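Breakdown of the fold
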Amino acid sequence: MTRLTINGSVHDVNVDPDTPLLWAIREWVGLTGTKYGCGIAQCGACTVHIDDVATRSCSLPVSAAEGKQITTIEGLAKSGELHKVQKAWIDHDVPQCGYCQSGMIMAAVALLHNMPKPTDAEIDAAMTNICRCGTYQQVRAALHAAAASA
């Protein structure tokens, strides 16, 4: 049995310790906002925060996340109020198909946590998530807007 703290709630999951965290979150805990994309930690659709660090959950075993604070896209909004990055995403029409967006938002929140006023070059370097719809210009605009709203 592995004990995971996800979005402030403790969950006991009966999975093999080598099970990717993504599957524990989606299949055992039932939080489906975190997406499966590539399975090799390249695309970023599965990005969550572990102790406030953006982490690709598809290749991280649950055993490595035990005892840490895990935040998923479902945990960003507080008291019914969207996170400023989520608001900026909506205001700047970032999502197209939307599949990568939860991971992209999680990466953006971590970026702003570490770098409150990033330049375009810093955004490009930090945001390594893949968007098959190519909304990178909107991502930059939304990140600048969220940074300005701080």
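As shown above, the structure is provided for reference.
Rules and cut-offs
- Chains are numbered independently. Their residues run from 1 in the order of the written sequence.
- The predicted nature of this model means local features are confined to residues of pLDDT at least 70 and side-chain atom pairs, given and counted, to a pLDDT of 80 or more, with totals for whole chains, interfaces and linings taken over all residues.
- In computing side-chain properties, one takes all heavy atoms of the structure into account and sets aside hydrogens as well as water.
- Exposure categories follow from relative accessible area, calculated using a 1.4 Å probe and restricted to protein chains: below 20% of the type maximum is buried, above 50% is exposed, and the middle band is partly exposed.
- In DSSP terms, a helix is any run of H or I states spanning at least four residues, a strand is any run of E spanning at least two, and both are numbered starting from the N terminus.
- Note: the arc covers the axis-to-C-beta directions of the helix.
- Working rule for contacts: check all heavy atoms of both residues, and any pair within 4.5 Å makes them a contact.
- Pairs of strands are assigned from DSSP output, requiring at least two bridges between the strands.
- To get an axis, a line is fitted to the C-alpha atoms, and for a helix only the part in contact is used. The angle between two axes follows their N-to-C directions and goes from 0 to 180 degrees.
- Patch criteria: residues need more than 30% relative accessible area and no salt bridge. Like-charged residues are merged within 9 Å; nonpolar side chains of Val, Leu, Ile, Met, Phe, Trp and Tyr are merged within 5 Å.
- The Shrake-Rupley method, run with a 1.4 Å probe sphere, supplies the accessible areas, and residue values consider only the shown protein chains as cover.
- Any Lys or Arg side-chain nitrogen found within 4 Å of a carboxyl oxygen on Asp or Glu counts as a salt bridge.

Before going further, it helps to examine helix α3 (residues 84-91). Buried within α3 are the following residues: Val 85, Gln 86, Ala 88 and Trp 89. Down the axis, α3 shows its buried residues gathered within 160° of arc, on one side only. Facing away from the buried side of α3 by more than 90 degrees, the exposed set consists of Ile 90 and Asp 91. Lining the buried residues of α3 we find α4 (101-114) and α6 (136-148). Directly after α3, the chain includes Asp 93, whose backbone phi takes a positive value near 50°.

So, on to the sheet that holds strand β2 (residues 9-13). The strand order β2-β1-β5-β3-β4 describes an open sheet built from 5 strands, whose pairing is mixed. With one partner strand each, in any of the chains shown, β2 and β4 (53-56) form the two edges of the open sheet. Within the sheet, the average angular offset between the axes of one strand and its neighbour, ignoring direction, is 40°. Bridging between strand β3 (residues 47-50) and strand β5 (residues 69-71) involves 2 bridges; their strand directions are antiparallel. Paired with His 49 across the two strands is Thr 71, which belongs to β5. Along the sheet face, helix α1 (residues 21-29) touches β1 (2-6), β2, β3 and β5 and points at about 85° away from the line of β1. Strands β3, β4 and β5 of the sheet are contacted by α4, whose axis makes an angle of about 35° with β3.

Together, Trp 23, Tyr 36 and Tyr 99 give the surface a local cluster of nonpolar side chains, amounting to about 270 Å² of exposed area. By secondary structure assignment, the location of Tyr 99 is in the loop between α3 and α4. Classification of Tyr 99 by relative accessible area gives partly exposed; the value is 36%.

In short, the description is geometric, and any link to function would need to be established separately.
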